[in-house]
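# Structural characterization, general
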Amino acid sequence: QVQLVESGGGLAQAGGSLRLSCAGPRNIFSFTAMGWYRQAPGKQREYVATTTSGGTTNYADSVKGRFTISRDAAKNTVYLQMNSLKPEDTAVYYCNLRVVLKNYWGQGTQVTVSS
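To keep things clear, this report deals only with the structure shown in the data block. (Residues numbered from 1 in each chain as written. Predicted model: local features only at pLDDT ≥ 70, side-chain atom pairs only at ≥ 80, totals over all residues. Heavy atoms only, no water.)

### Focus on the pattern of salt bridges
Basically, it comes down to this: We define a salt bridge as a contact between a side-chain nitrogen of Lys or Arg and a carboxyl oxygen of Asp or Glu at a distance within 4 Å. The secondary structure listing takes helices from DSSP runs of H or I that are at least 4 residues long and strands from runs of E that are at least 2 residues long, numbered from the N terminus. Burial classes follow relative accessibility: with a 1.4 Å probe on protein chains only, a residue under 20% of its type's maximum area counts as buried, one over 50% as exposed, and anything between as partly exposed.
Considering all chains together, one arrives at four salt bridges under this definition. The salt bridge involving Arg-66 is made with Asp-89; its shortest N-O contact spans 2.8 Å. With a gap of 23 residues between them, Arg-66 in the loop between β6 (57-59) and β7 (67-72) and Asp-89 in the loop between β8 (77-82) and β9 (91-99) connect regions that are remote in the sequence. We note that Arg-66, like Asp-89, is buried.

### Comments concerning the environment of Phe-67
The cut-off we apply is this: We call two residues contacting when some pair of their heavy atoms lies within 4.5 Å.
You can see Phe-67 is positioned in strand β7. Overall, Phe-67 belongs to the buried group, its relative accessible area being 3%. If near-sequence neighbours (up to four positions away) are discounted, Phe-67 is found in contact with Arg-38, Val-48, Tyr-59, Leu-80, Gln-81, Met-82, Asn-83, Leu-85, Asp-89 and Tyr-93.

### Remarks on the side chain of Arg-66
Using the following cut-off: Counting of polar contacts relies on pairs of N or O atoms within 3.5 Å, with two restrictions inside protein: one atom must be capable of donating a hydrogen and the other of accepting it, and residues adjacent in sequence are counted only when both atoms are side-chain atoms.
The exposure class of Arg-66 is buried, given its relative accessible area of 10%. A polar side-chain atom of Arg-66 sits 3.0 Å from the main-chain carbonyl oxygen of Ser-84. Arg-66 has contacts with Gln-81, Met-82, Asn-83, Ser-84, Leu-85, Lys-86 and Asp-89, leaving out every residue within four places of it along the chain.

### Some remarks on the pairing of strand β5 (residues 46-52)
This is how it is decided: Pairing between strands is defined by DSSP: at least two bridges between the two strands are required.
Summarising the sheet, strand β4 (residues 33-39) and β5 pair through six bridges and their orientation is antiparallel. When the sheet's bridge partners are listed, Ala-33 is paired in β5 with Thr-52. What sits between the antiparallel neighbours β4 and β5 is a turn of six residues, in which Gly-42 has the positive phi angle 75 degrees. Sheet analysis places β5 next to β6, joined by three bridges and oriented antiparallel. Bridging from a neighbouring strand, Thr-50 pairs with Asn-58 of β6. If you look at the hairpin formed by β5 and β6, you'll find four residues sitting between the two strands, and Gly-55 has a positive phi there, around 95 degrees.

### A look at the pairing of β8
Across a regular strand the side chains alternate sides, sitting on one face of the sheet and then on the other. Within β8, five of the six residues are buried, which leaves the element mostly enclosed by the surrounding structure. Looking at chain direction, β7 and β8 are connected through six bridges and run antiparallel. Bridge pairing in β8 links Ser-70 to Tyr-79. Between the antiparallel neighbours β7 and β8 lie four residues, among them Asn-76 with a positive phi of about 50 degrees.

### With respect to the state of the cysteines
Formally: Any two cysteine sulfur atoms within 2.5 Å of one another count as a disulfide.
Taken as a whole and judged by the stated rule, the model has one disulfide. Disulfide pairing places Cys-22 opposite Cys-95 at an S-S distance of 1.9 Å. As the torsion about the S-S bond is roughly -80 degrees, the Cys-22-Cys-95 disulfide counts as left-handed. Of this pair, Cys-22 sits in strand β3 (residues 18-23) while Cys-95 is found in strand β9, placing the two residues 73 residues apart along the sequence. Relative accessible area serves as the criterion here: at 0%, Cys-22 is assigned to the buried category. For Cys-95, a relative accessible area of 0% corresponds to the buried category.

See the structure below:
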């Protein structure tokens, strides 16, 4: 199984910033997309942001203008820079890797935003 390791979660104040990292396997050189999803308690997992192999980025409406996804191709690591955090951003954030028809998920990292 492919292992994805998230890091960078923690506590932040409303209006503050956090940067999440997701380290993917370094032996994967072809992929469809890497991105982030999140799940708050009692809610379904929701899409946050993705970056494709061609460099195209997409964001959920709820995070546009506040979050930025980027990727270090050499390290196969994807980042999520989260600015202007809101309490409603509180969730477990999961890294996602899509390779052809396969989907791989990290264990998740907790992000908690307080007012």
